[in-house]
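# Secondary and tertiary structure notes
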Amino acid sequence: MSERAEITLTINGRTYVISVESRRTLVDAIRDDCGQTGTHIGCEHGVCGACTVLVEGEPVRSCLMFAVQADGKNIRTVEGLAKGDELNVLQRAFMENHGLQCGFCTPGFLMLITGVLERKPNISDEHLVEVLSSNLCRCTGYQNILKAARWAAAEMRRH
Amino acid sequence: MALSKQPIAFVGRSLPRLEDRPLLTGQGRFAADISFSGQLYMRVVRSNFAHGRLRAIDVSAALAKPGVHAVWTATDVADIPPIDFRQSRVEGLDHYRQRVFATDVVRYVGEPVAAVFASDPYLAEDAAELVVLDVDELPVILNAIDEPGEFEPGRRTEPAIVRKGYGDVDTVFSTAPIIVEAKFSIGRHSGVPLETRGAIARYDGERDVLELHGAAKVPHWNRDQIALMLGRPATSVHLYEGHVGGGFGIRGELYPEDVLVCAAALRMKRPVKWIEDRREHLIAANHSRQQDHHVRAAVDRDGLILGLEDKIFHDQGAYVRTHAATVPDLTAAMLPGPYRIPAYRAAVHIRLTNKTPCGTYRAPGRFESTFVRERLLDVIADRLHLDRVEIRRRNLISTQEMPYARPLDTLGTKIALDSGDYAALLDKALVATEWSRLQESLAERRAAGELVGAGVALFVEKSGLGPFDEVRISIDDDGIVEVISGSASVGQGMETVIAQICADALGVDYRNVRVIHGQTDRIEHGMGAFASRVTVMTGEATRVAASALKAKAIEAASGLLQTPVAVLDVVEGKVVRIDGAGPSIGLDAVARALSLAANVDEPGLSAEGSFRCNHMNYPYGVHIAVARVDRDTGAIAIERYLVAYDVGKAVNPMLIEGQIVGGCVQGIGGTLFEEFLYDERGEPLSVTLADYLMPTMLEVPSVEVIICEDAPSPLNPMGLKGAGEGGANAVGAAIAAAIDDALGVPSAVTELPIMPQRLRRLIGCSERSGLLDRSRTANSIS
């Protein structure tokens, strides 16, 4: 059993001081050590993107990162999107456009889209599709996810 | 009957889902999100041999690891019987059921042989790697079309043959002017939901109740089975369905791991949590689809099918699981599709192989049989130099013949196509794609050197499997309506659909309706969610219960308002006079009055309702695909995809469209990308999502969906049919037809998945032999 290190994860503005083995993945630390289970695990080998979170504003596959690598970094997950009970623009876009069915891939997509639209609010449609192809969905067939992303991008550009 | 001002009905509208909020805010409760204090983590040790005699298992090193509580093998669970069949039991299959652990023979890579229970999941996995198996390898059977071998002394690997048919097939074939024969095969693939399987069991010693969390699909049946297998009364086992990350037929069936966590929780007196990883899912959760068909048709010179015969080899994997003969049965039963087929015979050879056991996957038996049937029609059309659309028209059952009794049965029902206008839907689809113009433009593009073509496929689906469903609806003191059903949710949006139906029948806003499902301690019986049954069966039961509840509320309000029942109605949650005059009373107040009243026979405001139907109903559809093949690489691009689907009555069109598009993309996966491959020793090669490729946003076209309500079902008052599977059904057939057309090679596609390498070879051969005629015109290949 490897030695444990004490690290600090800042998730959605709140700090969690946890003790983890060096091999513990970031997603396991977020979910089990910090109790934020909104981020999901679909494959643990970096293909499906269900575990996507924002680390210093960049979309990251948290199953491919070790918790110790995120020590001291600013992490944002799906739990931080809404303001109290009020859904944000992107969440509303998903609801209005039926962009989710089982909801398992949804947090990953929400964080991916948030990350990309914050950095590139004027992203071309072609580029947006390319970025969104990073994540898998098995239920929706993607059509409505793209619709929701376009809708949100337009709304965000308007404001 | 109500003359008061009614709000617009909820049924028929594309309303936002009630399910969404927790899923959008990270508040979902999927299996992996559930934890109990003091829980042990289970990690399954799996065979890494496809077939062998299991001589010994050495667990000593695993047991010695700190944090490991126990390691179980077959001897620890010898008293647990094999997992039984839930559906389509057929004589001869019993001996091929799977036990929780392999005993002396392992039959597929991935088969559970032991389990480690530890205080931490990482530790459990470390320890599992230290378990040593002593296995003497045995020869493997990997192909269903090979001669059957030995399963065990006295038993072969062909447990049963499912036979269906009607009419005098032999005479028809001996007298028909034309016989067309072909072989088709469908590759092994499966639902692969994004959430892997998981189960958490907990024993509550105070109540003597065994709880299983992470249930899905058929919680009541699973509860009964678990109780039986572990020797407990069914009332002392409770199953809980939380959020479910997709089912598609695969998740929710009773698996060895579910039974193991339950037995462990009972014996260890600690909660036991099991969450599989993706590799485990790909080798241990149900596979599906793999079949070989040797089919022939007897045809007259006008292209009318006089008879159809199919010999099918169904690759069942290493054991027969809960579905027993369901997929073979449905394959044979649904093969005739929307066509008349006066004489028919099918024999489905269930063959065991040393691969992952198989079960149902979205449109089970139909994705396969539609591919075969529609491909065969294309072969017939090509042979007779007939247009591929025209040959379908000639063979379609007409709407005047409805209901059409097909002398076949399946899933305990007799097949009677209840309603449908197949020709009209075909026309709608062709018009929507501007078929003639499309053909012209494709011909022009081919003349310019592109390999591009279009394909059409028709199908009949089946839905609304009964025989029975019941719900209980109650209204609390705050006016919140609760519908308790024995159904299940796999993410399809059933809570919203049921709420819409309840809202209209009761007179409330759908947002005030909570739908409970998947909780076996809230309702005694339940059928669950599969076979596209929930909207039909639970929907109708809900309508009946809601109507009864409305009558009760009006009856009670009549006394409270001193107003005759005949002039009262329920609108927007209030009992009102239909002429709008006088006082009204909210349902919450009526509920409160009934709970406070001392002299009431039945306190509380609730009602039950049920719906019985011994026949399934039959929605139907048309798929049209336009595909382009790259001359150099053989790569396939789907330029356009259209689905026209008649659903009888659409409760929420947006959700139906979501089901169709989702199913379609899964169908594209199975047609072009997904396949479970094995090496010659039976070692699985598709063990990560980098091997087993599923479509991403880049691979899929925008799917156009036309939802029709031209043929409501006469079998239920609302006319409902199900929509869960029609999107997947005909994808293989439509894309294959489009590729034939693109290449100008008849029967270019006889196997799924369609591999670019194979198309490249075909293109190469065709170019050399001059078959690739660029001046070929509309949709006939000759």
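Quick caveat, the model's predicted, so the values are computed rather than measured.

A word on the overall build of chain A. Helices and strands together make up the secondary structure of chain A, namely five helices and five strands. Listing the helices and strands of chain A from first to last along the sequence gives β-β-α-β-β-β-α-α-α-α. The globule rule puts the C-alpha radius of gyration for 159 residues at 15 Å, and the 16 Å found for chain A is close to it. If you line up chain A on its principal axes, its C-alpha atoms span 50 × 30 × 25 Å. Within chain A, the fraction of its 159 residues that count as buried is 55%. Taking as baseline every contact in chain A between residues at least 6 positions apart, the subset at least 24 positions apart corresponds to 58%.

The next point concerns the overall build of chain B. A count of helices and strands for chain B gives 19 helices and 31 strands. With the C-alpha coordinates aligned to their principal axes, the bounding extent of chain B is approximately 90 × 75 × 50 Å. Look at the contacts in chain B between residues 6 or more apart in sequence, and 82% of them connect residues 24 or more apart.

On to the domain arrangement of chain B, then. All names here are of chain B. Domain boundaries assigned for chain B yield domain 1 (20–28 + 465–612), domain 2 (35–386) and domain 3 (396–406 + 416–459 + 619–772). The gap between the C-alpha centroids of domain 2 and domain 3 is 26 Å. Every element with two or more residues in the side of domain 2 that touches domain 3 is listed here: strand 10 (178–186), helix 7 (278–284) and helix 9 (366–383). Here the side of domain 2 that touches domain 3 takes nine residues from helix 9, the largest share from any one element. Its residues assigned to classes, the side of domain 2 that touches domain 3 shows 17 nonpolar, eight polar and 13 charged.

If you look at the interface, chain B gives 41 residues, while chain A gives 41 residues. Going through the elements one at a time, helix 1 (20–24) and helix 16 (653–673) of chain B are the ones with two or more residues in the side of chain B that touches chain A. Per element, the largest residue contribution to the side of chain B that touches chain A is seven residues, and it comes from helix 16 of chain B. A class-by-class count of the residues in the side of chain B that touches chain A yields 22 nonpolar, 14 polar and five charged.

All names here are of chain B. The strand order across the open sheet built from six strands is 9-17-16-15-10-31, with neighbouring strands paired in mixed fashion. Since the sheet does not close on itself, it has two edges, and those belong to strand 9 (160–166) and strand 31 (751–752), each with one partner. The pairing of strand 9 with strand 17 (residues 344–352) spans seven bridges and is classified as antiparallel. Across the sheet, the residue bridging to Arg-163 is Ala-347, located in strand 17.

Turning our eyes to something else, we now look at the domain arrangement of chain A. All names here are of chain A. Splitting chain A by domain gives domain 1 (4–80) and domain 2 (89–158). Taking the mean C-alpha position of each, domain 1 and domain 2 sit 21 Å from one another. Across the boundary between the two partners, domain 1 contributes 16 residues, which contact 15 residues of domain 2. For the side of domain 1 that touches domain 2, the secondary-structure elements that each account for two or more residues are strand 3 (52–55) and strand 4 (58–61). Per-element accounting of the side of domain 1 that touches domain 2 gives the leading share, three residues, to strand 3. For the side of domain 1 that touches domain 2, a count of residues per class yields seven nonpolar, seven polar and two charged.

Let's shift gears to the sheet that holds strand 6 (residues 132–137) of chain B. Residue and element names in this part refer to chain B. In spatial order, the strands read 4-2-6; together these three strands make up an open sheet with antiparallel pairing. If you trace the sheet from one side to the other, it starts and ends with strand 4 (105–106) and strand 6, each paired once. Pairing of strand 2 (residues 52–58) with strand 6 involves six bridges; the strand directions are antiparallel. Its bridge partner being in strand 6, Ile-57 is matched across the sheet by Leu-133.

All right, on to the pairing of strand 12 (residues 209–213) of chain B then. Put simply, side chains in a regular strand alternate between the two faces of the sheet. Residues and elements named next belong to chain B. Within strand 12, four of the five residues are buried, leaving the element largely enclosed by the surrounding structure. Note: strand 11 (residues 198–204) against strand 12, five bridges, orientation antiparallel. Bridging across to strand 12, Asp-204 finds its partner in Val-209. Two elements, strand 12 and strand 13 (residues 237–240), share four bridges in a ladder whose sense is parallel.

Structurally, Gly491(B) is set in the loop between strand 22 (481–485) and helix 13 (494–506). Taking the number of C-beta atoms within 10 Å as the measure of exposure, Gly491(B) has 27 and is therefore buried. Placed 472 residues apart in sequence, Gly491(B) and Glu19(B) show a C-alpha to C-alpha distance of 8.5 Å. Excluding residues within four positions of it along the chain, Gly491(B) makes contact with Gln101(A), Cys102(A), Gly103(A), Cys139(A), Val244(B), Gly245(B) and Gly246(B).

When we look at burial in helix 3 (residues 121–128) of chain B, the residues that qualify are Ala124(B), Ala127(B) and Ala128(B). Mapping the buried residues of helix 3 of chain B onto a view down its axis gives an arc of 100 degrees, with all of them on the same face.

Residues and elements named next belong to chain B. Structurally, Leu-568 can be placed in strand 24 (residues 568–571). For Leu-568 and Asp-76, which are 492 residues apart along the polypeptide, the C-alpha to C-alpha distance reads 65 Å. Contact partners of Leu-568, with chain neighbours within four places excluded, come to Ile-554, Ala-557, Ser-558, Thr-563, Val-575, Arg-577 and Ile-578.

The subject of this paragraph is the nonpolar core. Residue and element names in this part refer to chain B. With 299 residues, the main nonpolar core has Met-42, Val-116, Val-261, Cys-502, Ala-734 and Ile-739 as its most contacted residues. Element by element, the count of residues in this core is highest for helix 14 (residues 534–561), at 12 residues. Beyond its immediate chain neighbours, meaning those up to four positions away, Val-116 contacts Arg-43, Val-45, Ala-62, Val-68, Val-71, Ala-124, Ala-127 and Ala-128.

How two helices pack is summed up by the angle between their axes together with the distance between the axes. Residues and elements named next belong to chain B. Put simply, helix 13 and helix 14 touch, their axes get as near as 8 Å, and they point 30 degrees apart. Relative to helix 14, the element helix 13 lies roughly parallel. As for the relative orientation of helix 13 and helix 14, their crossing is right-handed in sense. Contact residues: helix 13 offers Met-494, Val-497, Ile-498, Ile-501, Cys-502, Ala-505 and Leu-506, while helix 14 offers Val-534, Thr-535, Thr-538, Gly-539, Thr-542, Arg-543, Ala-546, Ser-547, Leu-549 and Lys-550. Residue composition of the contact of helix 13 with helix 14, grouped by class: 10 nonpolar, five polar and two charged.

This part covers the packing of helix 4 (residues 125–132) of chain A against helix 5 (residues 143–158) of chain A. Residues and elements named next belong to chain A. The geometry of helix 4 relative to helix 5 is characterised by a closest axis approach of 11 Å and an angle of 130 degrees between their N-to-C directions. Of the possible angle classes, the one that applies to helix 4 and helix 5 is oblique. Here helix 4 and helix 5 pass one another in a crossing that is right-handed. Here helix 4 contributes Leu-128, Val-129 and Leu-132 to the contact with helix 5, which in turn contributes Ile-145, Leu-146 and Ala-149. Residues of the contact of helix 4 with helix 5, tallied by class, amount to six nonpolar, no polar and no charged.

The omega torsion of the bond from Met402(B) to Pro403(B) falls at -5 degrees, within 30 degrees of zero and hence cis. Looking along the chain, the bond that leaves Leu752(B) and enters Pro753(B) is cis, with omega of -5 degrees. Following the sequence through the fold, Pro753(B) ends up in the loop between strand 31 and helix 19 (756–768). Backbone geometry places Tyr142(A), a non-glycine residue, at a positive phi of 75 degrees. Within the secondary structure layout, Tyr142(A) lies in the loop between helix 4 and helix 5. We note that Gln562(B) has phi near 50 degrees; this positive angle belongs to a residue other than glycine.

Analysis parameters
Residues numbered from 1 in each chain as written. Chains lettered and ligands numbered in written order. Predicted model: local features only at pLDDT ≥ 70, side-chain atom pairs only at ≥ 80, totals over all residues. Helix = DSSP H or I, 4+ residues; strand = E, 2+ residues; numbered from the N terminus. Rg over C-alpha atoms; globule rule 2.2 N^0.38 Å. Buried ≥ 20, exposed ≤ 12 C-beta atoms within 10 Å, placed from the backbone. Contact = placed C-beta atoms within 7 Å. Domains from an automatic or database assignment. Nonpolar A, V, L, I, M, F, W, Y, C, P; charged D, E, K, R; others polar. Pairing = 2+ DSSP bridges. Arc of directions from axis to C-beta. Core = buried A, V, L, I, M, F, W, Y, C linked by C-beta atoms within 7 Å. Axes fitted to C-alpha atoms, helices over the stretch in contact; angles between N-to-C directions. Parallel < 35°, antiparallel > 145°, perpendicular 65-115°, else oblique. Left-handed = near helix turned anticlockwise from the far one by under 90°.

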